[in-house]
Amino acid sequence: MDYTDSGLRAGFRRGLRVVWDAMRFRPLRHEPWPAPPMPSLRDHLEAYGGTRMGPADFDRCETDWYRMLDERNRMFDRYLLGMRCARHALFAGWILIFAAVGLLVWTVVS
């Protein structure tokens, strides 16, 4: 499966959009995770021979299925990490802006 546009970068973009909408008091828009869907279990079993497969084929089928699930979970974790990074980057940006404005006001007043 190709998860090139569904990892950290996609999560970062989505996180920035969520925080930006929250700052403008807009409701949260539901956008699904931009990843390709998993094949159905039936289709996956049919690709390995369906009900006519032997024990070795079933073991390969099961190993491949769990490998796909692990890869999908790992990429989803990267997507969530990107969302968290966007939130922290925006908070850090706001802190720097407030610090710069505070410094400017302090230098003007004193």
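Residues numbered from 1 in each chain as written. Predicted model: local features only at pLDDT ≥ 70, side-chain atom pairs only at ≥ 80, totals over all residues. Heavy atoms only, no water.

1. As for the packing of helix α1 (residues 8-23) against helix α3 (residues 55-109)
Link 1 in the chain: Taken N-terminus to C-terminus, the directions of α1 and α3 make an angle of 45°; their axes are 6 Å apart at the nearest point. Taken together, the axis directions place α1 and α3 in an arrangement best described as oblique. For the pair α1 and α3, the sense of crossing is right-handed. Residues L8, A10, G11, F12, R14, G15, L16, V18, V19 and M23 of α1 pack against R78, Y79, L81, G82, M83, C85, A86, R87, A89, L90 and W94 of α3.
Link 2 in the chain: Grouping the amino acids of the contact of α1 with α3 by side-chain chemistry returns 15 nonpolar, three polar and three charged. (Axes fitted to C-alpha atoms, helices over the stretch in contact; angles between N-to-C directions. Helix = DSSP H or I, 4+ residues; strand = E, 2+ residues; numbered from the N terminus. Parallel < 35°, antiparallel > 145°, perpendicular 65-115°, else oblique. Left-handed = near helix turned anticlockwise from the far one by under 90°. Contact = heavy atoms within 4.5 Å. Nonpolar A, V, L, I, M, F, W, Y, C, P; charged D, E, K, R; others polar.)

2. Regarding α3
Residues spaced three or four apart along an α-helix point in a common direction, a consequence of the helix completing one turn every 3.6 residues.
Link 1 in the chain: Between its first and last C-alpha, α3 extends 80 Å over 55 residues, near the 81 Å set by a 1.5 Å rise per residue.
Link 2 in the chain: All of the buried residues along α3 are C61, D64, W65, M68, E71, M75, Y79, G82 and A86.
Link 3 in the chain: Among the structural elements, α1 and α2 (41-47) are those in contact with the buried residues of α3. (Expected span 1.5 Å × (residues − 1). Buried < 20%, exposed > 50% of the residue type's maximum accessible area, 1.4 Å probe, protein only.)

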